[in-house]
Protein chains: 2
Amino acid sequence: MSSNKINRVAIFGGTHGNELTGIYLIKKFESLPHLIQRPSFETVTFFANPKAYAIGKRYYETDLNRCFTRQDLENPNLSTYEAQRAKEISRIYGTGGEKQADFVIDLHSTTSNMGLTVILPNLNRFHLELSAYLVSINPEIKILYSITQYEDNPHLDSISEFGCTVEVGAVAQGILDANLFQQTEALIYAILDFVETYNQGIVNLANNILKFYEVTNTIDYPRNESGEIRAMIHPGLQFQDYQPLNAGEPMFLTFLGEDIVYQGESTIYPVFINEAAYYEKGTAMCVTQISEIKLR
Amino acid sequence: MSSNKINRVAIFGGTHGNELTGIYLIKKFESLPHLIQRPSFETVTFFANPKAYAIGKRYYETDLNRCFTRQDLENPNLSTYEAQRAKEISRIYGTGGEKQADFVIDLHSTTSNMGLTVILPNLNRFHLELSAYLVSINPEIKILYSITQYEDNPHLDSISEFGCTVEVGAVAQGILDANLFQQTEALIYAILDFVETYNQGIVNLANNILKFYEVTNTIDYPRNESGEIRAMIHPGLQFQDYQPLNAGEPMFLTFLGEDIVYQGESTIYPVFINEAAYYEKGTAMCVTQISEIKLR
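Calculation notes
- Residues numbered from 1 in each chain as written.
- Chains lettered and ligands numbered in written order.
- Predicted model: local features only at pLDDT ≥ 70, side-chain atom pairs only at ≥ 80, totals over all residues.
- Heavy atoms only, no water.
- Pairing = 2+ DSSP bridges.
- Helix = DSSP H or I, 4+ residues; strand = E, 2+ residues; numbered from the N terminus.
- Axes fitted to C-alpha atoms, helices over the stretch in contact; angles between N-to-C directions.
- Contact = heavy atoms within 4.5 Å.
- Buried area = accessible area lost by both parts, 1.4 Å probe.
- Salt bridge = Lys/Arg side-chain N within 4 Å of Asp/Glu carboxyl O.
- Polar contact = N/O pair within 3.5 Å; in protein donor to acceptor, adjacent residues only side chain to side chain.
- Nonpolar A, V, L, I, M, F, W, Y, C, P; charged D, E, K, R; others polar.
- Expected span 1.5 Å × (residues − 1).
- Buried < 20%, exposed > 50% of the residue type's maximum accessible area, 1.4 Å probe, protein only.
- UniProt positions renumbered as here; feature names shortened; annotations may be inferred.
- Domains from an automatic or database assignment.

1. Considering the sheet that holds strand β8 (residues 231-233) of chain B
Residues and elements named next belong to chain B. Across the sheet, three strands lie side by side as β8-β9-β10; this open sheet has antiparallel pairing. In the strand order of this sheet, the two ends are held by β8 and β10 (259-261), each with one partner. Strand after strand, the sheet turns through a mean of 35° between neighbouring axes, direction not considered. Bridge count for β8 against strand β9 (residues 250-254) is three bridges, and the pairing is antiparallel. Bridge pairing in β9 places methionine 232 opposite leucine 253.

If you want it as structure tokens, here you go:
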């Protein structure tokens with residue numbers, strides 16, 4: 001593990017303007033800042049995309065959480081609201097920034113039934129130990145990692161050395177779910193507690209093995225020749241994120257009422273099933289495999 | 001019951017652009033029109049708000065389903081996209097219109113757990129017998145009526161003598177739920193079947209008593225002095241649409257974690273609990289009472 005102390009944590013809410021859980025959590029933290037302070041570091045909050053929130057949408061011009069590649073951040077010709085916002089966030093909180101954050105937490109929600117998911121930008125030792133700690137506190141927490149991650153990471157949590165994206169659901173866009181709000185709040189406190197023990201050099205892991213879900217690819221909706229979707233997520237798969245899907249089991253239901261089954265050979269564990277924001281991205285679900293990694 | 005035959009039924013989908021169930025149902029009916037044809041009348045479909053659908057929102061400039069008061073339809077100065085769209089819909093399908101519809105079905109969905117709800121614009125005999133028929137086929141169908149309805153009805157289903165709004169949920173904005181899609185489809189066929197028997201003069205009611213839910217008022221979220229909400233729907237009330245709420249039972253949960261209880265005296269049956277589109281309308285839920293009406 002890096003011996004660098006974490007001096008500042010930045011919590012981002014409203015990176016997507018219609019994901020209210022994070023937005024109202026940072027409002028709460030702004031009015032009660034002691035909740036997120038810990039002895040060895042400072043915690044700050046930032047409302048990432050207020051213009052998207054104002055119009056009740058994920059984004060104003062483009063998806064802010066795809067604006068953080070090094071290439072885009074260094075491109076002076078990108079002038080969308082979100083491109084500018086990304087540059088500002090990076091300038092302030094990124095590595096070498098005015099108020100450099102050593103760890104960022106980016107709060108999201110999803111219409112998929114992903115419970116409490118922590119998405120890691122990479123599998124460095126700090127992130128693995130953080131994940132093991134979180135799972136030891138709450139075994140329901142899922143750890144997700146994408147090996148298809150772009151070489152040049154476009155996500156907000158890539159602006160600092162350490163960070164993660166918190167993804168909670170199922171919750172509709174534009175509403176607050178009180179249970180998920182409280183569970184997300186508890187998860188944030190657990191992350192901050194881990195950072196505190198890390199700074200104090202006293203991390204003790206209950207688990208030696210970390211189980212996580214590794215995204216290998218995505219699956220689009222079946223479409224007709226015009227590109228329009230011609231099937232929905234099958235009722236048997238709806239809300240079944242992280243559950244095994246075996247060859248021959250139904251995956252989609254066409255508008256005519258016919259099943260379309262999963263035709264792969266190996267068992268998969270789909271996530272982001274029926275996420276509203278991914279219809280336009282051509283993603284009906286992300287496919288994962290379960291992986292395990294030894295910590296010591 | 002009126003002795004007028006129903007010659008044309010118009011089914012509207014996408015009155016709200018992010019409610020996909022109705023949009024994809026009318027797409028299906030447009031490609032397979034025999035599904036909605038019946039011997040004694042014509043059925044047409046209409047995609048009410050394509051511009052809102054294109055931007056993935058409820059509306060483009062203003063809520064189309066509040067644009068149908070007689071006063072607004074006759075006001076030449078109203079120039080929003082939705083105001084113009086309402087005038088066009090009324091001119092084509094309204095009473096006396098080019099293709100007058102004698103019955104309209106307006107398809108909606110909600111983030112509230114309203115199952116299959118039929119909202120009546122008034123309690124005329126036709127609507128009551130239709131409702132009794134639908135409930136006799138599927139006792140899970142709920143009938144809703146608002147006595148606080150405006151004198152000058154702003155809803156799309158007011159353009160013709162007979163009509164209803166179909167409201168299904170819980171489903172997030174921007175996604176399709178296959179179960180609800182199929183249940184809504186079956187409900188539409190049942191409505192069309194009823195119109196057919198009505199035209200043939202052979203309506204036989206299984207039930208003599210119709211139970212329905214009557215909206216009496218709405219309740220807003222608790223707010224702070226700046227007008228910002230300071231509480232969420234209580235976890236115990238979330239998804240409990242149509243269930244009794246008694247005095248002293250929790251209604252909201254503040255961001256600080258404190259319960260706010262229902263302080264009324266009589267038992268109420270809330271609906272539209274935590275509907276995403278109603279945050280901006282200042283409505284956390286609609287309050288209903290159960291009513292019964294004798295049909296013969």
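2. Thoughts on the sheet that holds strand β2 (residues 42-47) of chain B
Working definition: the strands of a sheet are paired by backbone hydrogen bonds and lie parallel or antiparallel to each other. Residues and elements named next belong to chain B. The eight strands are arranged β2-β1-β3-β6-β4-β5-β7-β11 in an open sheet whose pairing can be described as mixed. This sheet does not close on itself; its edge strands, each paired only once, are β2 and β11 (285-294). Recorded for the sheet is a direction-independent mean angle of 30° between the axes of neighbouring strands. Direction of pairing for strand β4 (residues 115-120) relative to strand β6 (residues 162-169): antiparallel, over a ladder of five bridges. Residue pairing for β6: isoleucine 119 is matched across the bridge by threonine 165. Helix α5 (residues 125-137) contacts β3 (103-109), β4, β5 (142-146), β6, β7 (209-219) and β11 of the sheet and is inclined by roughly 105° relative to β7. Helix α6 (residues 178-199) rests against β1 (8-13), β2, β3, β4 and β6 of the sheet, and its axis sits at about 160° to β6.

3. Overview of the interface of chain A and chain B
Counting from both sides, the interface comprises 32 residues of chain A and, opposite them, 32 residues of chain B. Its largest share of buried area at the contact with chain B, chain A owes to Leu176(A), Met232(A) and Phe255(A), together 19% of the area lost on that side. Counting across the interface, chain A meets chain B through two salt bridges. The partner of Glu228(B) in a salt bridge is Lys27(A), with the nearest N and O atoms 2.7 Å apart. Where chain A meets chain B, there are 10 residue pairs in polar contact (both at pLDDT 80 or more). Within the residue set of the side of chain A that touches chain B, elements represented by two or more residues are α1 (20-31), α6 (178-199) and β8 (231-233) of chain A. Of the residues contributing to the side of chain A that touches chain B, the split by class is 18 nonpolar, eight polar and six charged.

4. Considerations on α6(B)
Residue and element names in this part refer to chain B. The terminal C-alpha atoms of α6, which comprises 22 residues, lie 32 Å apart, in line with the 32 Å expected from a rise of 1.5 Å per residue. For α6, the tally of buried residues reaches 16 of 22 residues, placing the bulk of the element in the interior. Regarding α6, its N-cap is aspartate 177, as a side-chain oxygen of that residue lies 3.2 Å from the backbone nitrogen of asparagine 179 further along. In the stretch just after α6, glycine 201 is the one whose phi turns positive, near 70°.

5. Comments concerning the pairing of β1(B)
The side chains of a regular strand alternate between the sheet's two faces. Residue and element names in this part refer to chain B. Counting buried positions over the six residues of β1 gives six, a clear majority of the element. Neither face of β1 is open: one carries Arg8, Ala10 and Phe12, the other Val9, Ile11 and Gly13, and all of them are buried. The pairing of β1 with β2 spans six bridges and is parallel. Across the sheet, the residue bridging to valine 9 is threonine 43, located in β2.

6. Notes on the UniProt feature "active site" (unreviewed entry) in chain A
All names here are of chain A. When the UniProt feature table is mapped to this numbering, "active site" (unreviewed entry) covers Glu167. One can find glutamate 167 in strand β6 (residues 162-169). Using a relative accessible area of 7% as the deciding quantity, one classes glutamate 167 as buried. Setting aside chain neighbours within four positions, we find glutamate 167 in contact with His108, Ser109, Thr110, Met114, Gly115, Leu116, Thr117, Ile119 and Phe272.

7. A few points about the domain arrangement of chain A
Residues and elements named next belong to chain A. Assigned domains of chain A: these are domain 1 (8-207) and domain 2 (212-294). Spacing between the C-alpha centres of domain 1 and domain 2 amounts to 25 Å. Each side of the interface is counted separately: domain 1 has 23 residues, and domain 2 has 20 residues. Counting the surface lost from both domain 1 and domain 2, the interface buries some 1,900 Å², and carbon and sulfur atoms represent 57% of this. Area buried by domain 1 at its contact with domain 2 is led by Thr111, Asn113 and Leu144, which between them contribute 23% of it. Counting across the domain 1 and domain 2 interface gives one salt bridge. Linking aspartate 63 and lysine 281 is a salt bridge whose minimum nitrogen-to-oxygen distance equals 2.8 Å. Applying the counting criterion to the domain 1 and domain 2 interface returns 13 residue pairs in polar contact (both at pLDDT 80 or more). For the side of domain 1 that touches domain 2, the secondary-structure elements that each account for two or more residues are β4 (115-120) and β5 (142-146). When residues of the side of domain 1 that touches domain 2 are assigned to their parent elements, the largest contribution, five residues, is made by β5.

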